[in-house]
Amino acid sequence: MVFIRVNDMYLCLEGIDGSGKSTQLAMLGEWLEKCGLEVLRVYEPTESPPGQLIREMLTDPRATTPHFQRILGLLFAADRMMLMDRIGEAEKQEKIVISDRSFYSSLAYQSDPDWILEINRHIKKPDLVILLDVDVEQAINRFEGKDHFENPEFLGKVRKNYLKLAQNHNFSVVNANHSVRKVHEDIKTILSSRIRI
Ligand code: TYD
């Protein structure tokens, strides 16, 4: 097992809508701070101008069509690029960066992986990705359903994409059908085995 240096670590939680990433990121951040680490929390999409445009476009009924997906892919890449300086700065200050989503979300949600990789060429890749894997039915009970990505058929495809990515890119996978507390414990176990806390 290769240990990752904590003081330049960029850790990301991934998963479909309703997988519990936001709750888990909050709990993880608190735990890391209790362990004495300095933490930068980041969220994609951000509040930047491209991020705001993304949120608006996600409410359009055409959101899952090929052209909209391409436009969204570009906007997500632009939004993410605006985070890179903050992440670089945090790493210089020896903070651990924890992120709700990363460019792997674009690989899972948008089509055309080669092109997604190309437009994200200058994006820093996370050192460790933890996939919160949840059944689509369970996920649907957890969200409000205002975005057009939040439909069972689309999310079923995204979940499959994530499971393939997990195999190909060596993600750690947590069963997120379990209780919030159990998922948090599982995430801590993974981290404790990869970094020295
Ligand atoms: P989400 O994490 O749900 O943000 P919030 O909780 O602030 O609403 O992300 C919004 C949607 O964007 C979600 O359906 C996933 C999708 N998404 C992509 O399709 N591609 C991406 O690259 C990213 C970062 C998110």
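Note: the structure precedes this text.
Below: a short report on this structure. (Residues numbered from 1 in each chain as written. Predicted model: local features only at pLDDT ≥ 70, side-chain atom pairs only at ≥ 80, totals over all residues. Heavy atoms only, no water.)

1. A short note on the site of the ligand
- As a matter of local geometry, the ligand sits amid 14 residues, with Asp 17, Arg 55, Arg 80, Arg 101 and Ser 106 nearest to it.
- At a separation of 2.8 Å, an oxygen atom of the ligand approaches a polar side-chain atom of Arg 55.
- Between the ligand and the protein, one listed contact pairs an oxygen atom with a side-chain N or O atom of Ser 106 at 2.6 Å.
- Considered on its own, the ligand offers 540 Å² of accessible surface; in the complex 86% of this is hidden by protein.
- For the shell around the ligand, the secondary structure elements donating two or more residues are helix H2 (49-58), helix H3 (66-81) and helix H5 (103-109). (Near = heavy atom within 4 Å. Polar contact = N/O pair within 3.5 Å; in protein donor to acceptor, adjacent residues only side chain to side chain. Areas by Shrake-Rupley, 256 points an atom, 1.4 Å probe, with all protein chains shown as cover. Helix = DSSP H or I, 4+ residues; strand = E, 2+ residues; numbered from the N terminus.)

2. Points about the sheet that holds strand S5 (residues 172-175)
- Strand order in this open sheet of five strands is S2-S3-S1-S4-S5, and the pairing throughout is parallel. Each of the sheet's edge strands pairs with one partner strand only, and the pair in question is strand S2 (39-43) and S5. Neighbour to neighbour, the strand axes of the sheet diverge by 20 degrees on average, direction disregarded.
- As judged from the four bridges shared by strand S1 (residues 10-14) and strand S4 (residues 128-133), these two strands associate in the parallel manner. Within S4, the position partnered with Cys 12 by the bridge is Val 129.
- Each of S1, S4 and S5 is contacted by helix H8 (residues 152-168), which is oriented at about 145 degrees to S4, the strand it contacts most. (Pairing = 2+ DSSP bridges. Axes fitted to C-alpha atoms, helices over the stretch in contact; angles between N-to-C directions. Contact = heavy atoms within 4.5 Å.)

3. A closer look at the pattern of salt bridges
- This model, assessed by the stated rule, comprises 15 salt bridges.
- Notably, a salt bridge pairs Lys 21 with Asp 100, separated by 3.0 Å at the nearest N-O pair. Note that Lys 21 is positioned in helix H1 (residues 21-34) and Asp 100 in strand S3 (residues 96-100), a separation of 79 residues in sequence. In terms of burial, Lys 21 and Asp 100 fall into one category: buried.
- Here Arg 181 makes a salt bridge to Glu 185, at a shortest N to O gap of 3.9 Å. Separated by four residues within a single helix, Arg 181 and Glu 185 lie in helix H9 (residues 180-194), roughly one turn from each other.
- Where salt bridges share partners, they join Glu 14, Asp 17 and Arg 101 into one cluster. (Salt bridge = Lys/Arg side-chain N within 4 Å of Asp/Glu carboxyl O. Buried < 20%, exposed > 50% of the residue type's maximum accessible area, 1.4 Å probe, protein only.)

Read these as geometric descriptors, not functional statements.
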